[in-house]
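Below are the chains, spelled out letter by letter.
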Amino acid sequence: MNQTTTFSVEYHRFLQPDGEPEGDLPPLAEDTEVLHALYRNMVFTRLYDERAIALQRTGQIGTFASSLGQEAIGAGVGHAMQPEDIIIPSFRENGALLFRRFRVRDLLLYWGGDERGMANPDLGDDFPICVPISTHTTQAAGVAFAIKYRQQPRVVVCLLGDGGTSKGDFYEAINLAGAWNLPLVFVINNNQWAISVPRSLQTKSETLAQKAIAAGIPGIQIDGNDPIAVRHHVAEAIEKARGGGGPTVIEAISYRLCHHTTADDATRYRSDEELEAHRKLDPVPRLKRFMEARQLWSDEQESVLIRDCKAEIEQEVRHYLDSAPPKPESMFDWLYAELPQELHQQRQSLLVRESSND
C-alpha cells in the first residue's frame, strides 16, 4: 500500500504582496531606520545587478548570477547578522554580501575572474562566493564546529538554493549540525528553479524545511519576498544559535525573476504567464508600499535613493575597470597554502618566461 506522510512545518509572513500587514508585526516593523536600510539594500542590489549584466553583455565580466526578485532574502540575512558572525554564501546573495562589507568592486573582480575580489582584508572570516552547488554546506558545519570548540559567541550563516538541498553535502551538513548542536543557520533560497529543473521535480518532500526533521533540528518556512519576515526570523534563529540553542533550517520561498545566470535562457523552460504571476510578489515594491502607507517613504526619497545608488555603483565600476590586470603567476597563488613542488616549478618557469618578455 502506498502511503503519503505529511510533516507539519510552520509558515511565517508579515507583509502581504500588496504591502498590507498580515497579523501582528514584530518590533522591527516600527523601526524606520531598519526599514530604510532593508529597502536601500534591495534597491541598491537591483541596480547593481542591472549594471553587472550590462558589463557582462559587453564582455567586461564573465558569467553573472542576478538576484532579481529575491533581494529580500539577501537584505534580511545580511542585516540580521552581527559583525562577528560568519557568512558562507552561495552565488546569489549579493545583498547579504553588501551588508557584510563586500564592495561592488570586489564582486565585479570576482565575476571578472580575478581572485583579488575575494581577498579584501576587511572581510574578516567571511567566506568567498561558492559556485559549486552545496559544497560549502559541509564547510559551514566545519566552521561552526570550530567556533563551538573555541567557545566563541559567533554564528555561521550558510545560504544555498533549493537545488542545493538535493545534494548529499547538504544532508551531511545538517546531520553534523544536529548531532553536534552547532551554532549554524541554513537559509534556503527556494526560488523554484535549479537552473531548468523545477522545484516539483527536485524532491518528493512537501517542503524543503521539513528535511531538517531527519537531522533532529527545527525547520521553518518564511515568505522570502517579505523582507520583514526574513529579517525577523533569521535574526531569531541566529540569536538562538548564539545562545547555545543549536541550528535551524529556514526555507525562504521566493521566485527567480531572472535567468539562472547570464549563460541561461529561462524562456526555454518556463512560461511568460508564470513569470508575470510572480512579478506581483516582487519584494521591492512590497516594502515600498508598506512604508508609503505609513508615511515613512516619499517620491522625493525614492529619487534621491536611486540617484545616490547609481552614483555609488558607477564609482565602484570605475574602480573595477581601472584595476590593473592580475599577473599571470597569480593563477597559482590561490590554490594551496603551500604549492606542491610540481606547481611551484611551473610557477617559476612562468616567472622566467615573463621576465624574458619584459
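All figures in this text were calculated on a predicted structure; none of them were measured in a lab.

Engineer: Mind showing me how you'd approach the overall build of the protein here?
Structural biologist: A tally of helices and strands in the protein yields 12 helices and 8 strands. Each principal axis of the C-alpha distribution contributes one length, and for the protein these read about 70 × 55 × 45 Å. Across the 358 residues of the protein, 49% fall into the buried class. Of the contacts made within the protein by residues no fewer than 6 positions apart, 73% connect residues no fewer than 24 positions apart. Each charge class in the protein can be summarised by its mean position, and for the 36 positive and 51 negative side chains these summaries are 2 Å apart.

Engineer: Which parts of the structure should I look at to understand the packing of helix H2 (residues 71–80) against helix H8 (residues 227–242)?
Structural biologist: Helices that pack against each other are described as a pair by the angle of their axes relative to one another and the distance between those axes. Close contact between H2 and H8 brings their axes to 8 Å; oriented N to C, the two are set at 40 degrees. Our pair here, H2 against H8, has a crossing hand that is right-handed. Along its contact with H2, which presents Ala72, Ile73, Gly76, Val77, His79 and Ala80, the element H8 presents Pro227, Val230, Arg231, Val234, Ala235 and Ile238. Grouping the amino acids of the contact of H2 with H8 by side-chain chemistry returns 9 nonpolar, 2 polar and 1 charged.

Engineer: Would you take a moment to explain the packing of helix H1 (residues 32–57) against H2 for this structure?
Structural biologist: Their axes nearest at 9 Å, the elements H1 and H2 cross at an angle of 130 degrees. Regarding the angle of H1 to H2, the classification is oblique. Of the two elements, H1 crosses H2, and the hand of that crossing is right-handed. Residues Val34, Ala37, Leu38, Asn41, Met42, Thr45 and Arg46 of H1 touch H2, and the partners they reach there are Glu71, Ala72, Gly74, Ala75, Gly76 and His79. Of the residues belonging to the contact of H1 with H2, the class tally is 6 nonpolar, 5 polar and 2 charged.

Engineer: Help me understand the side chain of asparagine 94 in this model?
Structural biologist: For asparagine 94, the location among the structural elements is in helix H3 (residues 94–99). For asparagine 94, a relative accessible area of 1% translates into the label buried. Looking at asparagine 94, its side chain comes within polar contact range of the side chain of aspartate 49, at 3.0 Å. When sequence neighbours within four positions are dropped, the list of residues in contact with asparagine 94 reads Thr45, Tyr48, Asp49, Phe64, Ala65 and Ser67.

Engineer: Even after reading the chapter, I still don't get the pairing of strand S7 (residues 219–223), so can you show me in this structure?
Structural biologist: Where a strand is regular, its side chains alternate between the two sheet faces. For S7, a buried count of 5 out of 5 residues is recorded, marking the element as mostly surrounded by other parts of the structure. Side-chain alternation along S7 places Gly219, Gln221 and Asp223 on one buried face and Ile220 and Ile222 on a second face that is also buried. The pairing of strand S1 (residues 11–12) with S7 spans 2 bridges and is parallel. Opposite histidine 12, over in S7, you have isoleucine 222 as the bridge partner. Each parallel crossover has a hand, and for S7 linked through H8 to strand S8 (residues 248–253) it is right-handed.

Engineer: Would you mind showing me how to read H1 here?
Structural biologist: Helical geometry: 3.6 residues make up each α-helical turn, so side chains three or four residues apart lie on a common side. A rise of 1.5 Å per residue sets the reference length of H1, with its 26 residues, at 38 Å; its end C-alpha atoms lie 38 Å apart and thus fit the reference within 8%. The opening residue of H1 is aspartate 31, an N-cap whose side-chain oxygen sits 3.1 Å from the backbone nitrogen of glutamate 33. Looking at the residues trailing H1, positive phi occurs at glycine 59, about 75 degrees.

Engineer: It is not clear to me how a nonpolar patch on the surface should be interpreted in this structure. Could you clarify?
Structural biologist: Together, Phe145, Tyr149 and Trp180 make up a nonpolar patch on the protein surface, roughly 380 Å² of accessible area in all. Counting through the fold element by element, phenylalanine 145 comes out in helix H5 (residues 135–149). For phenylalanine 145, a relative accessible area of 39% translates into the label partly exposed.

Engineer: Got a minute to help me understand the environment of valine 197 in this structure?
Structural biologist: Relative to the helices and strands, valine 197 is located in strand S6 (residues 197–198). The spatial distance from the C-alpha of valine 197 to the C-alpha of alanine 215 is 26 Å, given a sequence separation of 18 residues. With residues up to four places along the chain from it excluded, the contact list for valine 197 reads Gln192 and Gln202.

Engineer: What should I look at first to understand the nonpolar core in this one?
Structural biologist: Here is a general trend for soluble globular proteins: nonpolar side chains tend to be buried in one another's company. Formed by 66 residues in total, the largest nonpolar core has its most connected members in Tyr39, Tyr48, Val77, Leu108, Trp111 and Leu287. Residue contributions to this core peak at 11 residues, all from H1. With residues near it in sequence (within four places) discarded, valine 77 still touches Val157, Leu159, Val187, Val230 and Val234.

Engineer: I tried to follow the sheet that holds S8 on my own but got confused; where do I start?
Structural biologist: Strand-to-strand pairing in sheets goes through backbone hydrogen bonds, with the strands running parallel or antiparallel. If you walk across this open sheet you meet the 6 strands as S1-S7-S8-S4-S3-S2, and the pairing is parallel. Looking at which strands have only one partner, the edges of the open sheet turn out to be S1 and strand S2 (86–88). Sheet topology note: the S2/strand S3 (residues 156–161) ladder contains 3 bridges and is parallel. By the bridge assignment for S3, isoleucine 86 is matched with valine 156.

The rules we used
Here the residue numbering is sequential within each chain, running from 1 through the sequence in written order. Whole-chain, interface and lining totals are the exception, using all residues; otherwise, since this is a predicted model, local features are given only for residues with pLDDT of at least 70 and side-chain atom pairs are given and counted only at 80 or more. Think of the side-chain values as coming from all heavy atoms in the structure, minus any hydrogens and water. A helix here means a DSSP run of H or I that spans at least four residues, while a strand means a run of E at least two residues long, and both kinds are numbered starting from the N terminus. Exposure is judged per residue with a 1.4 Å probe applied to protein chains only, and the accessible area is read against the type maximum: over 50% gives exposed, under 20% gives buried, and values in between give partly exposed. Note on contacts: a residue pair is in contact if any heavy atoms of the two residues lie within 4.5 Å. When charges are counted, neither His nor the chain ends are considered; positive counts come from Lys and Arg and negative counts from Asp and Glu. By convention, the charge on Lys lies at NZ, on Arg at CZ, on Asp at CG and on Glu at CD. Simply put, an axis is a line fit to the C-alpha atoms, just over the touching stretch for a helix, and the angle between two N-to-C directions goes from 0 to 180 degrees. Crossing handedness follows the turn of the near helix against the far one: under a right angle anticlockwise gives a left-handed crossing, and clockwise gives a right-handed one. Basically, the charged four are Asp, Glu, Lys and Arg, the nonpolar ten are Ala, Val, Leu, Ile, Met, Phe, Trp, Tyr, Cys and Pro, and anything else, Gly included, counts as polar. Just so you know how the angles are binned, under 35 degrees is roughly parallel, over 145 roughly antiparallel, 65 to 115 roughly perpendicular, and the rest oblique. Pairs of N or O atoms are called polar contacts if they sit within 3.5 Å, as long as, within protein, a hydrogen donor faces a hydrogen acceptor (for residues adjacent in sequence, only side-chain-to-side-chain pairs). Between any two strands, pairing holds if DSSP finds at least two bridges. Whether a crossover is right-handed comes down to one check: with the strands pointing away from the viewer, does the path from the first strand over the helix to the second run clockwise; if it does, it is right-handed. To estimate how far a helix should reach, multiply one less than its number of residues by 1.5 Å. Like charges within 9 Å and nonpolar side chains (Val, Leu, Ile, Met, Phe, Trp, Tyr) within 5 Å are joined into patches, using only residues over 30% in relative accessible area that form no salt bridge. Residue exposure ignores everything except the shown protein chains as possible cover, and the areas themselves are Shrake-Rupley values with a 1.4 Å probe. A pair is scored as a salt bridge if a Lys or Arg side-chain nitrogen falls within 4 Å of a carboxyl oxygen belonging to Asp or Glu. Side-chain atoms within 4.5 Å are what join buried Ala, Val, Leu, Ile, Met, Phe, Trp, Tyr and Cys residues into a set we call a nonpolar core.

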